Amino acid sequence: MAIDHDGPGGPHLALVGLMGAGKSDVGAAVAQRRNLRHLDLDVLVTGREGRSVGVLFEEQGESGFRDCEQAALADVLSLVQPVVLSTGGGVLERRPNRELLSERATVIWLRARPETLADRVGDGIGRPLLQAGNPAEVLTELSSLRGPDYEAAADHVVDTDDMTVDEVADTVAAALPDPVTT
Ligand code: S3P
């Protein structure tokens, strides 16, 4: 496990990382520990659109999904009260999202090896990008493609491979800088 302190961002805490990183479970656990509100970007998107992520990809393609994701991210990061936000794995693909996260959130990268991620996502049901091929291969490729963006965005990095959700949440909660801390 490694944790780097590159300095805090804005009022919110955002968890980033690839599919299978544990962003949703860890986000809920961190929010509970710090008595903060937890929001999950995919849940916000599907609530706003009235469609699952899979249906959004089918009907509007990935770029349509990214438009919805970008709008939902802007909404949530405009909240005044701090939240713990579990993002979707591709949220950093768009520059405005990267800029907004850097301004409005302390960003934590939940990092894991592709083989760990593949174990966690199983057959990838519900995740359209993993349906395009073998999930392990897709995750290996996405690790290479997206690693630099996660690295650049992260205020902290937690290597989660051998950790439970509670252990990761303890690590993240302990690292929170003001004003995210309660
Ligand atoms: C995606 C990750 C998914 C979801 C969508 C696209 C990605 O979220 O936003 O399927 O591009 O990596 P999780 O990372 O929560 O699975």
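Residues numbered from 1 in each chain as written. Predicted model: local features only at pLDDT ≥ 70, side-chain atom pairs only at ≥ 80, totals over all residues. Heavy atoms only, no water.

### Considerations on unusual backbone geometry
Item 1. Positive phi values are uncommon outside glycine, yet Asn35 reaches one of about 55 degrees.
Item 2. Here Asn35 is to be found in the loop between helix H1 (23-34) and strand E2 (37-40).
Item 3. By relative accessible area, which is 67% here, Asn35 ends up exposed. (Helix = DSSP H or I, 4+ residues; strand = E, 2+ residues; numbered from the N terminus. Buried < 20%, exposed > 50% of the residue type's maximum accessible area, 1.4 Å probe, protein only.)

### Focus: the sheet that holds strand E1 (residues 12-16)
Item 1. In space, the 5 strands of this open sheet follow the order E2-E3-E1-E4-E5, with parallel pairing throughout. Two strands in the sheet have a free side with no partner beyond their single neighbour: E2 and strand E5 (156-159). Taking the axes of each pair of neighbouring strands and ignoring which way they run, one obtains an average angle of 20 degrees across the sheet.
Item 2. Looking at chain direction, E1 and strand E3 (residues 83-86) are connected through 3 bridges and run parallel. Looking at E3, one finds that Leu15 is bridged to Ser86.
Item 3. On the sheet, helix H3 (residues 53-77) packs against E1, E2 and E3 and is oriented at approximately 165 degrees with respect to E3.
Item 4. Sitting on the sheet, helix H4 (residues 95-104) touches E1 and strand E4 (105-111), and the angle it makes with E4 is about 115 degrees. (Pairing = 2+ DSSP bridges. Axes fitted to C-alpha atoms, helices over the stretch in contact; angles between N-to-C directions. Contact = heavy atoms within 4.5 Å.)

### Quick notes on the layout of surface pockets
Item 1. In this model, the largest pocket occupies a volume close to 440 Å³.
Item 2. Lining the largest pocket are 26 residues; nearest its centre among them are Met19, Lys23, Asp42, Gly89 and Arg127.
Item 3. Of all the secondary-structure elements, those providing two or more residues to the lining of the largest pocket are H1, H3 and helix H6 (128-131).
Item 4. Top contributing element to the lining of the largest pocket by residue count: H3, with 5 residues. (1 Å grid on protein atoms, 1.4 Å probe; cavity = no way out; pocket = protein on both sides within 12 Å on 5 of 7 lines; lining within 4 Å. Points joined across faces, edges and corners; volume = space filled by probe spheres on them.)

### Description of the pairing of E1
Item 1. Of all 5 residues making up E1, 5 are buried, and the element is well covered by its neighbours.
Item 2. What you see with E1 is no split at all: His12, Ala14 and Val16 on one side and Leu13 and Leu15 on the other are buried throughout.
Item 3. Where E1 meets E4, 5 bridges bridge the pair, whose relative direction is parallel. Bridging across to E4, Leu15 finds its partner in Ile108.

### Overview of the side chain of Thr87
Item 1. Looking at the element boundaries, Thr87 is found in the loop between E3 and H4.
Item 2. For Thr87, a relative accessible area of 3% puts it in the buried group.
Item 3. Looking at Thr87, its side chain comes within polar contact range of the main-chain oxygen of Leu15, at 2.7 Å.
Item 4. For Thr87, the residues in contact, after removing those within four places along its chain, are Ala14, Leu15, Val16, Lys23 and Leu41. (Polar contact = N/O pair within 3.5 Å; in protein donor to acceptor, adjacent residues only side chain to side chain.)

### Some thoughts on the site of the ligand
Item 1. Neighbouring residues of the ligand: 13 residues in total, closest Lys23, Asp42, Arg66, Arg127 and Arg146.
Item 2. At 2.7 Å from an oxygen atom of the ligand is found a side-chain nitrogen or oxygen belonging to Lys23.
Item 3. In this structure, an oxygen atom belonging to the ligand sits 3.3 Å away from a main-chain N or O atom of Gly90.
Item 4. Taking 380 Å² as the accessible area of the ligand by itself, protein coverage stands at 96%.
Item 5. Under a 2 Å grid-point criterion requiring more than half of the atoms, the pocket assigned to the ligand is the largest pocket.
Item 6. Going through the elements one at a time, H3 and H6 are the ones with two or more residues in the shell around the ligand.
Item 7. No other element matches H3, which puts 3 residues into the shell around the ligand.
Item 8. Of the residues in the shell around the ligand, the class split is 5 nonpolar, 3 polar and 5 charged. (Near = heavy atom within 4 Å. Areas by Shrake-Rupley, 256 points an atom, 1.4 Å probe, with all protein chains shown as cover. Sits in = over half its atoms within 2 Å of the grid points. Nonpolar A, V, L, I, M, F, W, Y, C, P; charged D, E, K, R; others polar.)

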